[in-house]
Amino acid sequence: MPTPILRSRRAQELQVRGPFVGVNTQNESRLLASNEAEDALNLVLDDATLKVRNGYDAGAIAPNGLAVEGQHDYRQNDGTRHHLVKAGDQLYRLAGTTYTAIGGSVLTSGTIAQFVTVSNRAYIAHGGSPKVTDGTSLFDWEITKPSAAPAIGSGIGVLLSGSYDYKVTFYSSTWGQESPSSAKTVYKTVDRGSIALSNLPTTTDARVDKLRIYRRKISALEADWFFVDEIDDTVTTWHDNTLDNDVSTTRVAPLTFDQSFPSVKYLAENGGTMFGAGVASEPNRLYYTGVNNTTFENFLLVDDDGEEITGLVSFQTNLVIFTRRSIWVLSGNSPSTFFLRKVVPDRGCCAPHSIVPVDAQIYFLSETGFFAYDLSNVVEISRRIQPTLLLRAFSRDSMIVGVHDRPNNSVWWSYSGSGSSTNDKMLVYYYRNSRVTKGDSWVPWEFSNLCHMGQVTNPDTNLREIRLGFTDGRVSTYSGTSDNGSDIPWRWTTGKQDLATPQVRKFFGRLVIELVRQTGGTMDAEVSVDSDADFSFVGRQHRQTDEFFRTRIRRRARQLRVRLSGDTSSGGELIGWTLEAEASARS
């Protein structure tokens, strides 16, 4: 904390420079250090200065005009990248400013979607029937099984002897995906004959290009159906002339079952296995697929007390599972290697999309504040802003969204203020600055009508960029010095400064502010003395083209607060300030 410099017996000055800690709404104003603020807005702290945040461009508005509720940077094996956007109930592919609809309006509106790329496809959890896309079309995760078994009759040939029945499946050679099996056919007995399957099933699923046929020899007491042939899905009748010795004894038909795929809300991939959770009727079930498979084979019960799972994240070869009041870790990638353990029994996550992994930490919001978890310890990071955090719409915690801003070494969280039905507030945590200042470093930001944030790779620069999603379906890039042409408001309000002599009345004479030269913008300086709630204007710099701005205060008081504020579309950066005072003749 900077200390007053005694220039003479009665004269003092307080020099304040970065690094700045950030906002502290927890402690009383007169207890704040000179590099803390009781209030601030739209400032970046990471470079030991106070810099106005970037803005956003005009972007592009989704054709349906519905709120952006999910984004995904979908990279295919050939290097092609797609920016996927969920706007309301519709999935789009966004390239530049051009939206292309993928599939129909089948997603769950009002729910934040989660995406996972596995086996060259993007899988989507949205609280309804899970979907998958190849960037062009939208499908259910599973290929639906044939609705009926084929008809069976006599074929052309003499190679079969015995009693046989069959099952068929749909298969996609491009996706490498197979449906569950059809019901079995009736059996047919032949003696040196052949069997024909007719009325072969068809499907409208555009992925399917093949039918697979499986056979069981009942007269040989076979229990399973074994692979016989793969044919084009356009074939309507098939003749079986495969000798018994030529039938595979290792490729067994998939099970026959009616899919009732769990409507998961949370997805993660770890070690080649995909995990899903968040089914309302089964809140503590963790579903999992086979390795390099996409079918949920079974589930684990994560919490014996039925505590709902509220988030999943793959982290350092483990799957970290959050419930509302605890944290679990699952190692392994198959039932034979799974090891599930509760690692934090008294702290969980209340906002599923607040979970943000950054290097060796996972940041998340619990019912009592923001925390950092490193697989060993859970540390609170939001004590300084606890009163601010409590002024939120708790009923909308499920819509809180976090994103990592690596260039500024920060994590952003967008949330709804008290009484708001949109994410009209934001809190930004500067993790590197927190280490430098040895105090948790926070600043509030505001973006009007923001509802989602995601990281997307710019195809031209191959750099990751933050894309902002708004309630009107707009997706904009975080960049530039204005909010789509509008000035960015900013402010920094100090705590009560007493120059280490709280009992002495002082004559505050001059305020000198050091800046980085800018091409424009204005800055106002205001002060408030002692217990006054209101601020008085003491000076304005119309264009921030000078490195120093000097203004007279001329107030007598024991304590003084300074508020610096402005509106700019050309950036702005403060290095520090000096507050000059002189002990008054009377205390």
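### Here's the deal with the overall build of the protein
Stage number 1. Per the secondary structure count, the protein includes 2 helices and 49 strands.
Stage number 2. Taking the principal axes of its C-alpha atoms as reference, the protein extends roughly 120 × 45 × 35 Å.
Stage number 3. Taking the contacts inside the protein whose residues are at least 6 apart along the sequence as the reference set, 62% of them involve residues at least 24 apart.
Stage number 4. Approximately 24900 Å² of the protein is accessible, and the part contributed by carbon and sulfur atoms is 45%.
Stage number 5. Here the protein contributes 61 positive and 66 negative side-chain charges, whose respective centroids are spaced 8 Å apart.

### Considerations on the pattern of salt bridges
Two side chains with opposite charge may pair up if their charged atoms get near one another.
Stage number 1. Counting across every chain of the model gives 32 salt bridges.
Stage number 2. Here Lys-51 ties to Asp-47 by a salt bridge, and the two come within 3.1 Å at their closest N and O atoms.
Stage number 3. Residue Arg-510 pairs with Glu-580 through a salt bridge whose shortest N-O separation is 3.2 Å. One end of the pair, Arg-510, is in strand S44 (residues 506-515); the other, Glu-580, is in strand S49 (residues 573-583), with 70 residues separating them in the sequence.
Stage number 4. Here the salt bridges share partners, and the residues they tie into one network are Arg-215, Lys-217, Asp-240 and Asp-244.

### Some thoughts on the side chain of Arg-207
Stage number 1. Looking at the secondary structure, you find Arg-207 in the loop between strand S20 (195-198) and strand S21 (210-217).
Stage number 2. Of the residues examined, Arg-207 reaches a relative accessible area of 3% and is grouped as buried.
Stage number 3. Apart from the residues within four sequence positions on either side, Arg-207 is in contact with Val-132, Phe-139, Asp-140, Trp-141, Glu-142, Ile-143, Ser-172, Thr-174, Trp-175 and Gln-177.

### As for the packing of aromatic side chains
Given two aromatic rings, their pairing is described by the distance between the two centres and the angle made by the two planes.
Stage number 1. Counted under the stated rule, the structure contains 25 aromatic pairs.
Stage number 2. With 5.4 Å between their ring centres and 80° between their planes, Tyr-92 and Tyr-99 make a pair best called edge-to-face.
Stage number 3. Residue class for Tyr-92 comes out buried when judged on its relative accessible area of 5%.
Stage number 4. Judged by relative accessible area, which is 12%, Tyr-99 ranks as buried.
Stage number 5. By way of ring pairs, the aromatic residues Tyr-56, Trp-412, Trp-445, Phe-447, Phe-470 and Tyr-478 are connected into one cluster.
Stage number 6. If you follow Arg-251 out to its NZ or CZ, it ends over the ring of Phe-227, 3.7 Å from the centre.
Stage number 7. Above the plane of the ring of Phe-535 lies Arg-563, whose end atom (NZ or CZ) is 4.1 Å from the centre.

### Here we look at the environment of Ser-263
Stage number 1. Tracing the backbone shows Ser-263 in the loop between strand S23 (238-240) and strand S24 (266-270).
Stage number 2. Relative accessible area serves as the criterion here: at 28%, Ser-263 is assigned to the partly exposed category.
Stage number 3. Taking the C-alpha atoms as reference, Ser-263 lies 36 Å from Arg-383; in sequence the two are 120 residues apart.
Stage number 4. When sequence neighbours within four positions are dropped, the list of residues in contact with Ser-263 reads Gly-127, Gly-128, Ser-129, Pro-130, Gly-278 and Val-279.

### Details of the nonpolar core
Stage number 1. In terms of nonpolar packing, the biggest core is built from 71 residues, with Trp-412 and Trp-445 touching the most fellow members.
Stage number 2. When residues of this core are assigned to their parent elements, the largest contribution, 5 residues, is made by strand S38 (residues 425-430).
Stage number 3. In contact with Trp-412, other than residues within four places in its own chain, are Val-401, Gly-402, Val-403, Asp-405, Met-426, Leu-427, Val-428, Trp-445, Met-453, Ile-466, Leu-468 and Tyr-478.
Stage number 4. Formed by 18 residues, the second largest nonpolar core is a distinct cluster that contains Ile-143, Leu-160, Val-190 and Leu-197.

### Here we look at the side chain of Arg-121
Stage number 1. Position of Arg-121 among the secondary structure elements: in strand S13 (residues 121-125).
Stage number 2. One buried charged side chain, Arg-121, makes no salt bridge at all; its nearest oppositely charged neighbour is Asp-134, positioned 4.7 Å away.
Stage number 3. At a separation of 2.9 Å, a polar atom in the side chain of Arg-121 contacts the main-chain carbonyl oxygen of Thr-174.
Stage number 4. For Arg-121, the contacting residues outside a window of four places in its chain are Tyr-74, Val-116, Val-132, Thr-133, Asp-134, Thr-174 and Trp-175.

### Some details on the sheet that holds strand S4 (residues 36-41)
Stage number 1. Judged by pairing direction, the sheet is mixed, and its 6 strands sit side by side in the order S3-S4-S43-S48-S45-S46 without closing on themselves. Edge positions in the sheet fall to strand S3 (22-23) and strand S46 (536-541), since each of these pairs with one other strand and no more.
Stage number 2. Across 6 bridges, the pairing between strand S45 (residues 523-529) and strand S48 (residues 560-568) is antiparallel. Looking across to S48, one finds that Ala-525 is bridged to Leu-564.

### Some points on the sheet that holds strand S14 (residues 131-133)
Stage number 1. Across the sheet, which stays open at both edges, the 4 strands sit in the order S12-S13-S14-S15 with antiparallel pairing between neighbours. Edge positions in the open sheet fall to strand S12 (114-118) and strand S15 (138-140), since each of these has one partner strand only. Recorded for the sheet is a direction-independent mean angle of 30° between the axes of neighbouring strands.
Stage number 2. Of the pairings in the sheet, the one linking S12 to S13 comprises 5 bridges and is antiparallel in character. Considered in S13, the bridge of Gln-114 is made with Ala-125.

### Points about the pairing of S4
Stage number 1. Sheet topology places S3 next to S4; 2 bridges connect them, and they run parallel. In the sheet register, Gly-22 faces S4, and the bridge partner there is Glu-36.
Stage number 2. Inspection of the sheet shows S4 paired to strand S43 (residues 488-494) by 4 bridges, in the antiparallel sense. For Asp-39, the partnering residue across the bridge sits in S43 and is Thr-493.

### Overview of the pairing of strand S41 (residues 464-470)
Stage number 1. The buried fraction of S41 amounts to 6 of the 7 residues, a majority that puts the element mostly inside the structure.
Stage number 2. Pairing of strand S40 (residues 450-457) with S41 involves 7 bridges; the strand directions are antiparallel. Residue pairing in the sheet places Leu-450 in a bridge with Phe-470 of S41.
Stage number 3. What sits between S40 and S41 in their antiparallel hairpin is a turn of 6 residues, with Asn-462 showing a positive phi close to 60°.
Stage number 4. Across 3 bridges, S41 lies against strand S42 (residues 474-477) in antiparallel orientation. Considered in S42, the bridge of Arg-467 is made with Thr-477.
Stage number 5. A loop of 3 residues connects S41 with S42, the two strands running antiparallel in sequence, and Gly-473 in this loop sits at a positive phi of about 85°.

Conventions and cut-offs
- Once a new chain begins, its residue numbering starts again from 1 and follows that chain's sequence as written.
- Only residues with pLDDT of at least 70 get local features here, since the model is predicted, and only at 80 or more are side-chain atom pairs given and counted; chain-wide, interface and lining totals rely on the full set of residues.
- Excluded from the side-chain calculations are hydrogens and water; all other atoms, namely the structure's heavy atoms, are used.
- The secondary structure listing takes helices from DSSP runs of H or I that are at least 4 residues long and strands from runs of E that are at least 2 residues long, numbered from the N terminus.
- In this analysis, two residues are considered to be in contact whenever any of their non-hydrogen atoms come within 4.5 Å of each other.
- The protein chains shown are the only cover counted for residues, whose accessible areas, like all others here, come from Shrake-Rupley with a 1.4 Å probe.
- When charges are counted, Lys and Arg are positive and Asp and Glu negative, with His and the chain ends excluded.
- Charged side chains are reduced to one point each, which is NZ for Lys, CZ for Arg, CG for Asp and CD for Glu.
- Each salt bridge in this description consists of a side-chain nitrogen of Lys or Arg and a carboxyl oxygen of Asp or Glu lying within 4 Å of one another.
- Here the term buried applies to any residue with accessible area under 20% of the maximum for its type, exposed to any over 50%, and partly exposed to those in between, with areas from a 1.4 Å probe on protein chains only.
- Any Phe, Tyr or Trp ring, taking Trp's six-membered ring, that has another such ring centre within 6.5 Å forms a pair; planes under 30 degrees apart are called stacked, those over 60 apart edge-to-face, and the others tilted.
- Note on criteria: charge over ring means Lys NZ or Arg CZ within 6 Å of the ring centre, with the direction from the centre no more than 35 degrees off the ring normal.
- What is meant by a nonpolar core is a set of buried Ala, Val, Leu, Ile, Met, Phe, Trp, Tyr and Cys residues, joined one to another through side-chain atoms within 4.5 Å.
- Counting of polar contacts relies on pairs of N or O atoms within 3.5 Å, with two restrictions inside protein: one atom must be capable of donating a hydrogen and the other of accepting it, and residues adjacent in sequence are counted only when both atoms are side-chain atoms.
- The rule for pairing is simple: two strands pair if DSSP sees at least two bridges between them.
- Each axis is a line fitted through C-alpha atoms, and for a helix only the stretch in contact is used; angles between axes span 0 to 180 degrees, taken between their N-to-C directions.

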